[in-house]
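Residue-level listing of the chains:
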Amino acid sequence: MDKTFNPQDIEQQCYAEWEQNGYFAPSGSGDPYCILLPPPNVTGSLHMGHAFQHTIMDALIRHRRMKGDNTLWQCGTDHAGIATQMVVERQLNAKGLTRHDLGREDFVKKIWEWKEESGGNITQQMRRLGTSPDWTREAFTMDEDLSYAVQEVFVKLHEEGLIYRGKRLVNWDPVLHTAVSDLEVLNEEENGHMWHLRYPLADGSGELIVATTRPETMLGDSAVAVHPDDERYQALIGKAIKLPLTDRLIPIIADDYVDPEFGTGCVKITPAHDFNDYDMGKRHDLPMINILTSDAKINDNAPAAYQGLDRFDCRKQLVADLDAQGILVKVEDHKLKVPRGDRTGAVIEPYLTDQWYVAVDSLAKPAIEAVESGEIKFVPENWNKTYYQWMHNIQDWCISRQLWWGHRIPAWYDEAGAVYVGRDEAEVREKHNLGADVLLRQDEDVLDTWFSSALWPFATMGWPKDTPELATFVPSSVLVTGFDIIFFWVARMIMMTKKFTGQIPFKEIYITGLIRDENGDKMSKSKGNVLDPIDLIDGIELETLVAKRTSGMMNPQDAAKIEKRTRKQFPEGINAYGTDALRFTFAAMASTSRDINFDMGRVEGYRNFCNKLWNASRFVLMNTEEFDTGRAGGELSLSLADEWIIDRFQSTIADVEAAIADYRFDLAAQAIYEFTWNQFCDWYLELSKPILQDENTSEAQKRGTRHTLINTLEQLLRLAHPIMPYITEQIWQRVAPLSDVQDTSQSIMVQAFVEYDEAKRNSKAAGDIEWLKQCIMGIRNIRGEMDISPNKPLSVLLKNAGAEDERRLAATQNVLTKLAKLETLTPLATDEQAPACATALVGEMELMIPMAGLIDKDAELARINKAIEKIEKDMARTSGKLSNENFVSKAPEAVIAKEQAKLDDMTMQIAKLNEQKETIAAL
RNA sequence: AGGACUAUAGCUCAGUUGGUUAGAGCGCUACCUUGACAUGGUAGAGGUCGGCAGUUCGAAUCUGCCUAGUCCUACCA
């Protein structure tokens, strides 16, 4: 074995073997355990959030697989309508073409080509992470099966009247020329203006002042509204306004919606371009005057002067004209929320169009109940509040998109515009008795991507066919995802799965935190703080990293800033840490918090941990490979240390299992780390050396220790495997044949997980070794503080050893002498006067190191004083408690006894320390 | 406006139903190339648990208020 662990050497080959051997597929026996991968965008690439969540899912899957469950990790990708279409469109644009130059059919063909080419990118990256989904079942939302399910759902919902078509105001992205859902619109506060306009009464008897943040919409005004109880305007209700710049007369209406306290208490109403105004327009039966084209230019309904102008150019022109005519009263700076498309960043327009909707009320009800009843559980639990809040205010879902990439809506129109919904044209004709002479054309639009991903839990299992997978893996066990898609995806899956299978889609929803950069900022291309998980695995040169971060910027002027930042943060580039270190880092960060600041220092620390495990294994193998480990039988005589490490390991198993059951991978990782480094390496390996290296120990003792070494390591590897698959596999292949594992022909990943065994606990050994550790640490402390070389053998005297101390001493004298580097260890007779010594306390026993020639009087006095001070501080608190009448009378007996014991112990320690102090001071 | 969350060592974070001497990793200081490991070892320094008040015999932990920050939802023209 190499002296250091080199992850690059093994990972990819190891993965290929797993995949070839078919280990990822469900075993077909055991309890079903299923995780649905949130399908990433097919043309996307792996980011830190994916890597984090995929690590957790893989750890869960590997854990359950080893426990013997029938595990399925259902993977696949999403066609991501808007995002994917944009990518390919941008490529065309670069060649000076638009999608319209190609036409729909060729454009869609182009996207499929692009998907074939780059669609495997993210799944290849997932393989680098060591994830173990069943690739043979990999699904794509536009696959034939899934498309069939989409169609089926659409038709059935339509038959039930739950899908309908209607002309409504939608969020319109004028760049993409499509409607988008509420969730795809981001509302950010921006600096804008408030324009105050003078609207004259038609009869010339006066005027009203209205205010607006979007003055160009006045061209579509169809009323001015005031509050019905507003005394200022009572007389004006019902009168008409002469709308400036147009020749229209619009009424003054009364409506509760108007807040009389705000502004002038008069509101201009533009039903075709504002959601609130739209509702009011419906209530008052106002005309809906659309003044925009689909790319947000002014249309023919506006005065000729403005027709064809872009909305923002129009705004400038119109404000200037109003100003010139004295209609503009004033302009104020005003902060307002501007709706922007989450993909394009374009300002979204409320726009009147025909769209398809899902009526969600009846679907939402059972979906809410599924969480309320506890059938579905959020982890951490309080995310259910977020879920309820949205579900109780849910709006009908606009599912049509004016795109070319996606599932075409299965609806046909005849020449009269009548609409027919069916699985295909033939079915439509048959169902509605439409002869061949009736011309039908299919709806041009496609469905929202989330419509198909909402079917993921059952469509990937073969629905609408009745398959064994449906019966076995619905509901799935747990969904691991981020809070940002609770509405987009999680809620919709619950609604659809309930509706079409009658089942819940998953029993638990584990909501992970969001990975941020080291300063707590969201990682984004424009900030230039994005980390690529693959770069952490393979490492990356500084220049390559700079180039990667600064290429393809939306704002090229950010590049210099990003370059500077990158060079400062990674002057040497990024080291290759390997997959296991990265995965362990993710596991260690998976606590309950919402935001996770990614700290490179931790990756390095866990890389070191991998190396530690590697080297410990090297030591174990060096001492077992050429020797008898008891695999074939033979007498095993276990040392105290052997019994102790077995006990500690059992305790670690229990901790890890409890942590995984709670999705606390941070605690699981910590338990593994602590055991491996602080118990196994720091103590057990050291304790085993005297036994293995001493000629006087018997063969049975050596065999016992070798057996414990190799088997503890073997089990530790299985315990750690779900988090660190590669290094554990690599080491296990060499370790297992020396251990008690019988069938070592296969991978560690299909071995049984380690099981906690109460019978292996041993509190006596645990107590004895803790005592031994205290003795050693006491002596090391004196060495450290007194600057005595670790190499200098010491003669130590023992005072006040009780019967238990003597028993322990007899059992451990050999290792104690070796590990504390002692020359002699001599008990002091009760009446014997000790020389001046530096002393370490272990319980009531004193370990004394004679000072002559070694220890400076003042230094030892200072050390003692420090110890006394520390104890006295705590003692004051404890004795204060015990002298408090209230405490003694009200606290539980056990607590009082504990405090009393603490006080007794501290009193004893202080007495001994004072005694020492006096002896030394008297020198 | 409503809702949720966060505040613990220089940094990144643990701390289970109130009872510990408040922990870990990184970083820091001193010493150590000892035979698994310098991606290491040994010892050590470092915190009035954001602030104030309350409940309690006892609060990092429970309650209220305040401060700072983050996020979500809905928004007034």
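Residues numbered from 1 in each chain as written. Chains lettered and ligands numbered in written order. Predicted model: local features only at pLDDT ≥ 70, side-chain atom pairs only at ≥ 80, totals over all residues. Heavy atoms only, no water.

Chain A has the name Valine--tRNA ligase in an unreviewed UniProt entry, where Opacimonas viscosa is given as its organism. The Subunit (unreviewed entry) comment attached to chain A in UniProt states, word for word, "Monomer." What the UniProt record of chain A gives under Sequence similarities (unreviewed entry) is the line "Belongs to the class-I aminoacyl-tRNA synthetase family. ValS type 1 subfamily." (UniProt positions renumbered as here; feature names shortened; annotations may be inferred.)

Participant: For the packing of helix α28 (residues 857–882) against helix α30 (residues 893–921), give the residues involved together with the corresponding values.
Facilitator: Their axes nearest at 9 Å, the elements α28 and α30 cross at an angle of 155°. The angle between α28 and α30 places the two elements in the roughly antiparallel class. Crossing angle aside, the handedness with which α28 passes α30 is left-handed. Per-class residue counts for the contact of α28 with α30 are 14 nonpolar, eight polar and eight charged. (Axes fitted to C-alpha atoms, helices over the stretch in contact; angles between N-to-C directions. Helix = DSSP H or I, 4+ residues; strand = E, 2+ residues; numbered from the N terminus. Parallel < 35°, antiparallel > 145°, perpendicular 65-115°, else oblique. Left-handed = near helix turned anticlockwise from the far one by under 90°. Nonpolar A, V, L, I, M, F, W, Y, C, P; charged D, E, K, R; others polar.)

Participant: Please give an account of the environment of Met-391 that cites residues and values.
Facilitator: Mapping Met-391 onto the fold places it in helix α11 (residues 383–392). A sequence separation of 82 residues divides Met-391 from Phe-473, and the C-alpha atoms of the two residues are 26 Å apart. Beyond its immediate chain neighbours, meaning those up to four positions away, Met-391 contacts Ala-364, Ala-367, Ile-368, Ala-491 and Met-495. (Contact = heavy atoms within 4.5 Å.)

Participant: Kindly report on the domain arrangement of chain A, identifying the contributing residues and their values.
Facilitator: Interface size is commonly expressed as the accessible area that is lost once the parts come together. Along its sequence, chain A is organised into domain 1 (178–350), domain 2 (520–576), domain 3 (594–756), domain 4 (762–855) and domain 5 (856–923). Computed from C-alpha coordinates alone, the two centres of domain 2 and domain 4 are separated by 55 Å. (Domains from an automatic or database assignment.)

Participant: Can you lay out the packing of aromatic side chains for me, pointing to particular residues and giving the numbers?
Facilitator: Within the structure shown, the criterion is met by 32 aromatic pairs. An angle of 40° between the planes, with centres 5.8 Å apart, marks the rings of Phe-52 and Phe-586 as tilted. Taken as a pair, Phe-52 in helix α2 (residues 48–66) and Phe-586 in helix α20 (residues 579–589) lie far apart in primary sequence, 534 residues in all. Neither Phe-52 nor Phe-586 differs from the other in exposure class; each is buried. The interplanar angle of 20° and the centroid separation of 6.4 Å between the aromatic rings of Phe-609 and Trp-677 together place this pair among those described as stacked. Separated by 68 residues along the polypeptide, Phe-609 in helix α21 (residues 600–622) and Trp-677 in helix α23 (residues 665–693) bring together distant segments of the chain. Under the relative-accessibility criterion, Trp-677 is labelled partly exposed at 22%. Aromatic ring contacts, followed pair by pair, group Phe-584, Tyr-606, Phe-609, Tyr-673 and Trp-677 into a single cluster. Here Lys-115 stacks its cationic end above the ring of Phe-140, 4.3 Å away from the centre of that ring. Lying across the ring of Tyr-357, Arg-168 places its NZ or CZ 4.8 Å from the centre. (Phe/Tyr/Trp six-rings, centres within 6.5 Å; stacked < 30°, edge-to-face > 60°. Buried < 20%, exposed > 50% of the residue type's maximum accessible area, 1.4 Å probe, protein only. Lys NZ or Arg CZ within 6 Å of the ring centre and 35° of its normal.)

Participant: Report on the environment of Ser-698, specifying residues and quantitative values.
Facilitator: Following the sequence through the fold, Ser-698 ends up in the loop between α23 and α24 (699–720). C-alpha of Ser-698 to C-alpha of Ser-637: the two residues are 61 residues apart in sequence and 8.7 Å apart in space.

Participant: Give me the packing of helix α10 (residues 361–372) against α11: which residues, what numbers.
Facilitator: It is at 10 Å that the axes of α10 and α11 come closest, and there the two elements cross at 160°. The orientation of α10 with respect to α11, classified from their angle, is roughly antiparallel. Considering the relative orientation of α10 and α11, their crossing is left-handed. Contacts from Ala-364, Ala-367, Ile-368, Val-371 and Glu-372 in α10 reach Asn-384, Tyr-387, Tyr-388, Met-391 and His-392 in α11. Of the residues belonging to the contact of α10 with α11, the class tally is seven nonpolar, two polar and one charged.

Participant: Could you give an account of the UniProt feature "coiled-coil region" (unreviewed entry) in chain A, with specific residues and numbers?
Facilitator: Sequence positions flagged by UniProt for "coiled-coil region" (unreviewed entry) are, in local numbering, residues 854–923. Helix makes up 87% of residues 854–923 and strand 0%, and the two end C-alpha atoms of the span are 15 Å apart.

Participant: A description of the sheet that holds strand β14 (residues 349–358) should follow, citing residues and the corresponding values.
Facilitator: On the basis of which strands lie adjacent, the open sheet formed by four strands has the order β6-β5-β14-β16 and antiparallel pairing. On the outer flanks of this sheet lie β6 (178–180) and β16 (397–398), each paired with one strand and no other. With two bridges connecting them, β14 and β16 associate as antiparallel partners. Following the sheet pairing, Tyr-357 is matched in β16 by Cys-398. (Pairing = 2+ DSSP bridges.)

Participant: Explain the protein's contact with RNA strand B residue by residue, including any values.
Facilitator: Near RNA strand B, the surroundings consist of 55 residues, among which Asn-276, Lys-337, Ser-591, Lys-890 and Lys-902 are the closest. Put simply, 67% of the atoms of RNA strand B that lie within 4 Å of the protein are in sugar or phosphate. Contact distances for RNA strand B include 3.1 Å between a phosphate oxygen and a backbone N or O atom of Asn-597. At 10 residues, α21 tops the list of elements feeding residues into the surface near RNA strand B. (Near = heavy atom within 4 Å. Polar contact = N/O pair within 3.5 Å; in protein donor to acceptor, adjacent residues only side chain to side chain.)

Participant: Any details on the nonpolar core? Residues and values, ideally.
Facilitator: Among the nonpolar cores identified, the biggest contains 150 residues, and Leu-60, Phe-598 and Phe-680 are the most heavily contacted of them. In terms of nonpolar packing, the next biggest core, distinct from the first, is built from 66 residues, Leu-157, Tyr-413, Met-493 and Met-496 among them. (Core = buried A, V, L, I, M, F, W, Y, C linked by side-chain atoms within 4.5 Å.)

Participant: Explain the pattern of salt bridges to me, using residue names and the numbers behind them.
Facilitator: Here the structure, examined in full by the defined rule, presents 65 salt bridges. Here Glu-427 ties to Arg-423 by a salt bridge, and the two come within 3.1 Å at their closest N and O atoms. With a shortest N-O distance of 3.4 Å, Lys-773 and Glu-770 are connected by a salt bridge. Taken together, the residues Lys-773 and Glu-770, both in helix α26 (residues 763–786) and three residues apart, mark about one turn of the helix. (Salt bridge = Lys/Arg side-chain N within 4 Å of Asp/Glu carboxyl O.)

Participant: Tell me about the sheet that holds strand β28 (residues 837–842), and name the residues and values.
Facilitator: Judged by pairing direction, the sheet is mixed, and its four strands sit side by side in the order β27-β26-β29-β28 without closing on themselves. Edge positions in the open sheet fall to β27 (822–827) and β28, since each of these has one partner strand only. Taking each pair of neighbouring strands and ignoring which way they run, the sheet shows an average axis angle of 25°. Sheet topology places strand β26 (residues 794–799) next to β27; five bridges connect them, and they run parallel. Residue Leu-794 lies in a different strand from β27, and its bridge partner there is Leu-822. α26 rests against β26, β27, β28 and β29 (845–850) of the sheet, and its axis sits at about 150° to β28. This element, helix α27 (residues 803–819), spans β26, β27 and β29 of the sheet and lies at about 170° to β27.

Participant: Pulling in residues and values, what's your account of helix α1 (residues 11–20)?
Facilitator: Looking at α1, one finds that the buried residues are Glu-11, Cys-14, Tyr-15 and Trp-18. Viewed end-on, α1 has its buried residues packed into an arc of 100°, placing them on one side of the element. Opposite the buried face of α1, at more than 90 degrees from it, the exposed residues are Gln-13 and Gln-20. For α1, the secondary structure elements touched by its buried residues are α2, α6 (121–128), α17 (533–538), α20 and α25 (725–735). (Arc of directions from axis to C-beta.)

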